[in-house]
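Descriptive structure summary
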Amino acid sequence: MIEFSKIVLENELKVIHHYDASTPFIIVNVLYHIGAKDEDENRTGFAHLFEHLMFGGTKLFPNFDHPLQDAGGENNAFTNNDYTNYYDVIPKENIETALCLEADRMLDLDINEQSLKVQKDVVCEEFKEHYINQPYGDAWHKLRALVYEQHPYKWPTIGKNLKQIEEATLQDVRDFYAAYYSPSNAILVISGNIEKENAFSLTEKYFGHLKSKTVQHKAFSEPEQQVAKTQTTYSDVPLNAIFIAFKITDKKNKDYYTADTITDILSTGTSSRLYQNLIKKEKAFVEIDAYITGSNDVGMFVIEGKIAEDCSVERAESLIWNELEQLQKELISAKELQKIKNKMLTYMAFSESSLMNRTVALAHFELLGDANQINQEIDAYEKVSAEAIQTFANAYLIKSRSNTLYYLKQQ
Amino acid sequence: MNIPPIQAIGAIQFTLPKQLQLSNQIPVYIFNDDKNPILKLDIVFDAGRWTEEQKLAADAMAALSKSGTKNLSSFEINEAIDQLGATLKIGTGYNTCTLSISCLSKFLEPCLELALTCLTDIVFPENELQIFKKNTKAKLLVNNEKTDYLSGVIFRETIFGKEHPYGYRTNNERIEQIDRNEIIRYYQSNLLASNCTVFIAGDVNENCLNQLESVLSRFKNTSVNNFKPQHIIQTDSNLKIREKKAKSTQASLTMGKILFNKQNKDYGNFILLNTIFGGYFGSRLMSNIREDKGLTYGIYSMLNPLKHDGFWAIYTDTNIDKLDICIQEIEIELDRLQNELISENEIQLARNYLLGRFLKRTDGAFNLMETFKSYIIEGVDIQHFGTFIEDIKNADAKLLQNLAQKYLSLNSMHQVIVG
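Just so you know, these numbers come straight off a predicted model, no measurement behind them. (Residues numbered from 1 in each chain as written. Chains lettered and ligands numbered in written order. Predicted model: local features only at pLDDT ≥ 70, side-chain atom pairs only at ≥ 80, totals over all residues. Heavy atoms only, no water.)

A word on the overall build of chain B
Scanning chain B from terminus to terminus reveals 15 helices and 11 strands. Since a compact globule built from 419 residues should have a radius of gyration of about 22 Å, the 23 Å found for chain B is in line with a globular shape. Based on the C-alpha atoms only, the size of chain B along its principal axes is roughly 65 × 50 × 45 Å. Out of the 419 residues belonging to chain B, those deemed buried represent 57%. Residue pairs at least 24 apart in sequence account for 80% of intrachain contacts in chain B once pairs closer than 6 positions are excluded. With 45 positive and 49 negative side-chain charges, chain B shows a separation of 2 Å between the mean positions of the two kinds. (Helix = DSSP H or I, 4+ residues; strand = E, 2+ residues; numbered from the N terminus. Rg over C-alpha atoms; globule rule 2.2 N^0.38 Å. Buried < 20%, exposed > 50% of the residue type's maximum accessible area, 1.4 Å probe, protein only. Contact = heavy atoms within 4.5 Å. Lys, Arg positive; Asp, Glu negative; His and termini not counted. Charge placed at Lys NZ, Arg CZ, Asp CG, Glu CD.)

Next up, the structure:
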């Protein structure tokens, strides 16, 4: 049971406190409800570029990092399709430094031409390092575009291409900041070695005076898929690879936990089905994995594998389908289901032992509507039945809903 | 808004583990923390690449450490572990082989039984070895397409030599040569009760201690290993290596030299110097090359302490057309470190940041265990943890400049570029 308290300030900032006296640190985590899905299709990669600019300093703090480092802390941030999350881990003595820095950059960011120019270059280098200069690096660009027809999940957080990042202007940046960065669009979590009263009164001190803005969020839809889609791409890679993806539910639906359980049946642990059957027994793959994206809206269930040199793509693909058909036809045994649940319980126990994980999860669940869902997760996994797995496999993991990307080596 | 003043952080205390010895003399270090019903256990063997007679024998042994016994198939062993929700695996490093367990504490006993099986009964079936070889070659094909991977391995090969355990590369020929008998010989002569230390952290209750004794005391493998490895470092005299890779948009750079480990008296001060130079986001390399010039997504330097040596290196990836200017800026920063005194503000900033990182290493049983283990592996008394903190608190600009002059002169550096 993860205990926490929640208040909402007058300016609509949601604040969650979670106490852990066993650590000498406090984490200040600020989640903004702004992700790649809120971007204009011609300005993709912008939410992530903006995350970089949030470290550009303010009038009060010309450098964001220095005061935090000087206080013995460290900080970082990440952006995904749904939100942008900033966190500071700081020795408990210096909690006010972190709060002051975060409150200050919520509305007073000093955005200038020079810092935009540098961060555009940095992000372009990041794009090249992770998505161009890596074998299979652009696979997710292709896969998202294949899977989603309307939903902005069809582009990745880093952006569709370098050009759109290079074209970002100072005015775009200012408009974006004005539109989305506001106490009313943020969730603050303060966790670690600080008592509740102190956490809430310091929050009032540093964030209470910030002016709220009205933030508009677009609603997105994605049509049900009726027909299988495929795409083939050739690239300078050493092994053929295959990605098979299915659209599934959002994280709030109980089917999400069924989907996650199925990915564990398929590929978690060395006794998992794909590992044992497709790598060890059939020797068709050298690597294979199944996972879900955990998105707030329509997510993806993905199986991806690198195919052994002496196995044809057709054979590799049909072996994956055999495994999916197995899930559709046969109920998973009680023993195997218990194995998966034991894995999940252990995974959750280790994950929850980390203050950082608890902190980000509280923020994320609050974004989804209720931080207390963090305490329902184990129950949700426990409730997944063999029948639910079979029903899910028959409803979702079927040919007509599949999206297959063949990522092949150049002939 | 008023800027709150920065407070000094409290004393950094390294809580020492409880220590005991099993009846078969295996030392056990215990880091207790019963907040969560979980634990981590490492059985660390003084072995690794260092004690190989055939290259890659340690890697292959580790990868096949659940590959089957006379009575159990590979699947049965793996399934038994997964059934407990646990992870149990053997990994290798340059100087260690480590059997690691992560599990709910209530499942420790069956996990230990399985660990004992993996340490004593594995028969290394030939067909499992063939699958391992095939998949290792395939993964190597993918890695060989990555400039950062290549730059790192070529760099270590350059400074330590093609045959040295810290330097040798995985290649197809070596994978092909891995021999089943050699794996078995390595297994039987290195995974010894007389050659290991146990570290356990988390919810280690009285039951757990009894289970450790009752299961691991049956680990009797003590055959004497007569192999005394002699490894000679053969550093390439060529200071600059440039490997072209068609179609790559970026180049990966590794630049550095053999240096030292925690046994060296300069260690604590050098860590501070490295932090200022390239060890954190506020470092000179990051400030200049990323934050000022936008030449890279990341650039950092680090000291990698090993049991018998250590190496220090700068790592970055940059656009090929910006490579020259990037190297030029690195050289300017190396020069500055030797020719200019660092300001007190800059030292204080890095010092405070670094003290926060030392504090982090004492945060919870798992962090304490990882830190303590690294000291034991390198043969350094944990008391030095405090000594290094004192060094970091007391270092001044003159001392840091002397260190830079002693260790970081440009003409002592090897440079490897791939891309």
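From this point, things continue past the structure.
Observations concerning the overall build of chain A
Check the secondary structure of chain A and you find 15 helices and 11 strands. Taken against the 2.2 N^0.38 rule, which gives 22 Å for 411 residues, the C-alpha radius of gyration of chain A at 23 Å falls within 12% of a compact globule. Each of the three principal axes of chain A carries a C-alpha extent, and together these read 60 × 45 × 35 Å. By residue count, 60% of the 411 residues in chain A fall in the buried class. In chain A, 81% of the contacts between residues at least 6 apart in sequence involve partners at least 24 apart.

Structural notes on the packing of helix α3 (residues 108–120) of chain B against helix α8 (residues 206–216) of chain B
Residue and element names in this part refer to chain B. The contact between α3 and α8 brings their axes to 10 Å, and the two run at 25°. Looking at the two axes, α3 sits roughly parallel to α8. In the crossing of α3 with α8, the sense of the turn from one axis to the other is right-handed. For the pair α3 and α8, the contacting residues are Leu 108, Glu 109, Leu 112, Glu 113 and Leu 116 in the first and Cys 208, Gln 211, Leu 212, Ser 214, Val 215 and Leu 216 in the second. Here the residues of the contact of α3 with α8 are counted per class, giving seven nonpolar, two polar and two charged. (Axes fitted to C-alpha atoms, helices over the stretch in contact; angles between N-to-C directions. Parallel < 35°, antiparallel > 145°, perpendicular 65-115°, else oblique. Left-handed = near helix turned anticlockwise from the far one by under 90°. Nonpolar A, V, L, I, M, F, W, Y, C, P; charged D, E, K, R; others polar.)

Here we look at the pattern of salt bridges
All names here are of chain A. Summed over all chains, the structure comprises 55 salt bridges over all chains. As a salt-bridge pair, Lys 37 and Asp 297 come within 3.5 Å of each other at their nearest N and O atoms. Linking Lys 37 in the loop between β3 (25–32) and α1 (46–53) with Asp 297 in the loop between β9 (285–292) and β10 (300–307), this pair joins segments that are 260 residues apart in sequence. Through salt bridges that share partners, Arg 43, Lys 163, Glu 167 and Asp 172 make up one connected network. (Salt bridge = Lys/Arg side-chain N within 4 Å of Asp/Glu carboxyl O.)

Things to note about the sheet that holds strand β9 (residues 296–305) of chain B
Residue and element names in this part refer to chain B. If you trace the five strands from one edge of the open sheet to the other, you get β7-β11-β8-β10-β9, paired in mixed fashion. Both edges of this open sheet fall to β7 (240–243) and β9, since each of them pairs with a single strand only. Strand after strand, the sheet turns through a mean of 15° between neighbouring axes, direction not considered. As defined by bridge partners, β7 adjoins strand β11 (residues 414–418) across four bridges and the pair is classed as parallel. From the neighbouring strand, Ile 241 faces β11, where its bridge partner is Val 416. Across the face of the sheet, helix α11 (residues 323–339) comes into contact with β7, β8 (250–258), β9, β10 (310–319) and β11 while running at roughly 145° to β10. (Pairing = 2+ DSSP bridges.)

Quick word on the side chain of A:Asn133
Along the polypeptide, A:Asn133 turns up in the loop between α4 (113–132) and α5 (139–147). In this structure A:Asn133 comes out as buried when scored by relative accessible area, which is 9%. A distance of 3.2 Å separates a polar atom in the side chain of A:Asn133 from a polar atom in the side chain of B:Thr147. Apart from residues lying up to four places away in sequence, A:Asn133 is in contact with A:Lys128, B:Thr147, B:Ser248, B:Thr249 and B:Gln250. (Polar contact = N/O pair within 3.5 Å; in protein donor to acceptor, adjacent residues only side chain to side chain.)

Remarks on the domain arrangement of chain A
Residues and elements named next belong to chain A. The assigned domain composition of chain A is domain 1 (5–207) and domain 2 (229–409). Each of domain 1 and domain 2 was reduced to a C-alpha centroid, and the two centroids are 29 Å apart. The interface of domain 1 with domain 2 comprises 35 residues on the first partner and 37 residues on the second. Of the roughly 3,100 Å² buried at the junction of domain 1 and domain 2 (both faces included), carbon and sulfur atoms supply 70%. Counting every contact that joins domain 1 to domain 2 gives four salt bridges. (Domains from an automatic or database assignment. Buried area = accessible area lost by both parts, 1.4 Å probe.)

Notes on the interface of chain B and chain A
In this complex, chain B contributes 70 residues to the contact, which on the side of chain A involves 70 residues. Together, the buried faces of chain B and chain A total about 5,900 Å²; carbon and sulfur atoms form 58% of this surface. At the junction of chain B and chain A, the tally comes to seven salt bridges. In this structure, B:Arg357 engages A:Glu74 in a salt bridge whose closest nitrogen and oxygen atoms are separated by 3.5 Å. Summed over the shared surface of chain B and chain A, the result is 28 residue pairs in polar contact (both at pLDDT 80 or more). Tallied by class, residues from the side of chain B that touches chain A come to 26 nonpolar, 23 polar and 21 charged.

Quick notes on the domain arrangement of chain B
Residues and elements named next belong to chain B. In terms of domains, chain B is made up of domain 1 (18–216) and domain 2 (240–418). For domain 1 versus domain 2, the separation of C-alpha centres amounts to 30 Å. In this complex, domain 1 contributes 32 residues to the contact, which on the side of domain 2 involves 33 residues. When the two sides are added together, the surface that domain 1 and domain 2 hide from each other amounts to roughly 2,700 Å², 77% of it contributed by carbon and sulfur. In this structure, the connection of domain 1 to domain 2 is made through nine residue pairs in polar contact (both at pLDDT 80 or more). Contributions of two or more residues to the side of domain 1 that touches domain 2 are made by β2 (27–32), β3 (38–46), α5 (147–160) and β6 (196–202).

Thoughts on the pairing of strand β4 (residues 74–79) of chain A
Residues and elements named next belong to chain A. Of the two faces of β4, only the one carrying Asn 75, Ala 77 and Thr 79 is buried; Glu 74, Asn 76 and Phe 78 on the other face are not. Bridge analysis of β4 against strand β5 (residues 84–91) gives six bridges, and the strand direction is antiparallel. When the sheet's bridge partners are listed, Ala 77 is paired in β5 with Tyr 86.

What about helix α11 (residues 313–329) of chain A?
The end-to-end C-alpha separation of α11(A) is 24 Å, in line with the 24 Å expected for 17 residues at 1.5 Å each. Buried within α11(A) are the following residues: A:Val313, A:Ala316, A:Glu317, A:Leu319, A:Ile320, A:Trp321, A:Glu323, A:Leu324, A:Leu327 and A:Gln328. (Expected span 1.5 Å × (residues − 1).)

As for the nonpolar core
The biggest cluster of nonpolar side chains holds 78 residues, and the ones touching the most others in it are A:Leu266, A:Phe285, A:Phe301, A:Ile303, A:Ile320, A:Leu324 and A:Leu397. In terms of residue count, α11(A) provides more of this core than any other element does, seven residues in total. Taken domain by domain, the makeup of this core includes at least three residues from each of domain 1 (5–207) and domain 2 (229–409) of chain A. In contact with A:Leu324, not counting residues within four places along its chain, are A:Phe246, A:Leu266, A:Ile303 and A:Leu397. Counting 68 residues, the second largest nonpolar core, distinct from the first, contains B:Phe14, B:Tyr267, B:Tyr375 and B:Ile392. (Core = buried A, V, L, I, M, F, W, Y, C linked by side-chain atoms within 4.5 Å.)

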